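Architecture and fold: a report
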Amino acid sequence: MALRPFIVGNWKMNGTRAMLAEARAIDRSAQRLMKVEVALAPPYTLIHAVHKEAEQIGVGAQDCSAESDGAFTGDVSAAMIADAGAKFVILGHSERRQGHGESDALVRAKADAALEAGLKLIVCCGETEATRDASGAEAFVVRQLEGSLPEPFEGVGERLSVAYEPIWAIGTGRTPTVDDIAAMHRAIRALLVERYGEEEGGAVRILYGGSVKPDNARELLGADEVGGALVGGASLTAESFLGIVMAAA
Ligand code: PEP
């Protein structure tokens, strides 16, 4: 991994203020592991509290609205999460795409709104098991990203990360082979370079996500073009999340 590895914990719909102790412990250890960029995406309700706890780690949101303000009951805008202390937002997670019917076009509109609010982006992509079995995974993921990624913008390499998360690997304990991950990440890199140019497209970190644990992290992070990990279940305790962070150091 030539780029500074980026390890992000996605707490999903988990966590009340009692979990702030985990965030604090992660932050304190991250201060000793400067070679790795560490971040947490807690639920909206904890963004401000984690932001206040954190001296080293980044804090982000798991989604945002494509709208800037107005009569959108229950939605939260990019400017609001930035105001709460978020520095980035995860967009297009498969649980949003599948569970909430989010299209590529909506993910791109959210990305535009997030950039406008000064946020960094982690744009997710990933195929179903049926698509993988039909040997169409790379073409599917590239098409999904073509529709979801924003047009070229200032500071792409620094502000954009892509997370490849095969849907069948999320929360299942199953992972693709290192060769399959590397092949997918190379296809994503080619798209990024085509869209944003050699320098900026080459600087985007491509994270792998899907059942990353302390005991498989080193192997998965060692795959070609893997620039970090997006971690769900194993990010919920400081102990397991830090095991992954240390594997990246
Ligand atoms: C995720 O949902 O982003 C994820 C990768 O989950 P898990 O690590 O639990 O598979």
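Residues numbered from 1 in each chain as written. Predicted model: local features only at pLDDT ≥ 70, side-chain atom pairs only at ≥ 80, totals over all residues.

**A word on the overall build of the protein chain**
In terms of regular secondary structure, the protein chain is built from 12 helices and eight strands. For 249 residues, the compact-globule estimate of 2.2 N^0.38 gives 18 Å, and the C-alpha radius of gyration of the protein chain, at 17 Å, lies within 12% of that figure. In terms of overall dimensions, the protein chain has C-alpha extents of about 45 × 45 × 35 Å along its principal axes. Looking at the protein chain as a whole, 48% of its 249 residues are labelled buried. (Helix = DSSP H or I, 4+ residues; strand = E, 2+ residues; numbered from the N terminus. Rg over C-alpha atoms; globule rule 2.2 N^0.38 Å. Buried ≥ 20, exposed ≤ 12 C-beta atoms within 10 Å, placed from the backbone.)

**Looking at the site of the ligand**
Around the ligand, a shell composed of 13 residues is seen, among which I170, G171, G209, G232 and G233 lie nearest. Across the shell around the ligand, the residue classes tally to five nonpolar, seven polar and one charged. (Near = placed C-beta within 6 Å. Nonpolar A, V, L, I, M, F, W, Y, C, P; charged D, E, K, R; others polar.)

**Let's talk about the nonpolar core**
Among the nonpolar cores identified, the biggest contains 75 residues, and V89, A229 and I244 are the most heavily contacted of them. At seven residues, helix α12 (residues 238–248) tops the list of elements feeding residues into this core. If near-sequence neighbours (up to four positions away) are discounted, I244 is found in contact with I7, V212, P214, A217, A229, V231 and A234. (Core = buried A, V, L, I, M, F, W, Y, C linked by C-beta atoms within 7 Å. Contact = placed C-beta atoms within 7 Å.)

**Points about the pairing of strand β4 (residues 88–91)**
Side-chain direction in a regular strand flips from residue to residue, so the side chains alternate between the two faces of the sheet. Burial of β4 is two-sided: the residues F88 and I90 facing one way and the residues V89 and L91 facing the other way are all buried. Note that strand β3 (residues 58–61) and β4 share two bridges and pair parallel. Bridged to G60 within β4 is F88. Chirality of the crossover, the property in question, places the unit of β3, helix α3 (residues 78–84) and β4 among those that are right-handed. As defined by bridge partners, β4 adjoins strand β5 (residues 120–125) across four bridges and the pair is classed as parallel. Considered in β5, the bridge of L91 is made with V123. (Pairing = 2+ DSSP bridges. Right-handed = clockwise from strand over helix to strand, strands pointing away.)

**Quick word on the UniProt feature "binding site: substrate" (unreviewed entry) in the protein chain**
Look at the UniProt record and you will see "binding site: substrate" (unreviewed entry) annotated at N10, W11, K12, G171, S211, G232 and G233. These annotated residues cover 224 residues of sequence, and their C-alpha atoms all fall within 14.1 Å of one another, placing them together at a single site. Tracing the chain through its elements places W11 in the loop between β1 (6–10) and α1 (20–30). Residue contacts for W11: discarding those within four places in its chain leaves L40, A41, P42, P43, S235 and L236. Structurally, S211 can be placed in the loop between β7 (205–209) and α11 (217–221). The exposure class of S211 is buried, given the 21 C-beta atoms found within 10 Å. Ignoring sequence-local partners within four residues, the contact set of S211 consists of A169, G171, T172, G173, R174 and T175. (UniProt positions renumbered as here; feature names shortened; annotations may be inferred.)

**Here's the deal with helix α7 (residues 137–148)**
Taking 1.5 Å of rise per residue, the 12 residues of α7 would be expected to cover 16 Å, and the 16 Å separating its terminal C-alpha atoms lies within 8% of that figure. Along α7, the residues that are buried comprise A137, V141, L145 and S148. Projected down its long axis, α7 carries its buried residues within an arc of 70°, all on one side. Of the surrounding secondary structure, the elements contacted by the buried residues of α7 are α5 (104–116), β5, α6 (129–133), β6 (160–164) and α9 (178–196). (Expected span 1.5 Å × (residues − 1). Arc of directions from axis to C-beta.)

**Some remarks on the confidence of the model for the protein chain**
Parts of the prediction with low pLDDT should not have their coordinates interpreted in detail. Of the residues in the protein chain, 99% have a pLDDT of 70 or more, and the chain-wide mean is 97. Interface confidence for the predicted complex, given as ipTM, is 0.97, next to a pTM of 0.97. (pLDDT = per-residue confidence, 0-100.)

**Here we look at the packing of α5 against α7**
As a packed pair, α5 and α7 sit with axes 7 Å apart at the nearest point and diverge in direction by 45°. Here α7 runs oblique to α5, going by the angle between their axes. Each of D104, A105, V107 and R108 in α5 lies in contact with α7, whose residues at this interface are Q144, G147 and S148. Considering only residue class, the contact of α5 with α7 consists of two nonpolar, three polar and two charged. (Axes fitted to C-alpha atoms, helices over the stretch in contact; angles between N-to-C directions. Parallel < 35°, antiparallel > 145°, perpendicular 65-115°, else oblique.)

**Things to note about the UniProt feature "active site" (unreviewed entry) in the protein chain**
Mapped onto the present numbering, the UniProt feature "active site" (unreviewed entry) falls on H93 and E165. The greatest C-alpha distance among the annotated residues, which extend across 73 residues, is 8.3 Å, indicating that they converge on a single site. Assignment of secondary structure puts H93 in the loop between β4 and α4 (94–99). Under the C-beta neighbour-count criterion, H93 is labelled buried, with 28 such atoms within 10 Å. With respect to the secondary-structure elements, E165 resides in the loop between β6 and α9. Take E165: there are 26 C-beta atoms within 10 Å of it, and that puts it in the buried class. In this view, E165 contacts S94, C124, G126, I170, G209, G210 and L230; residues no more than four positions away in its chain are not counted.

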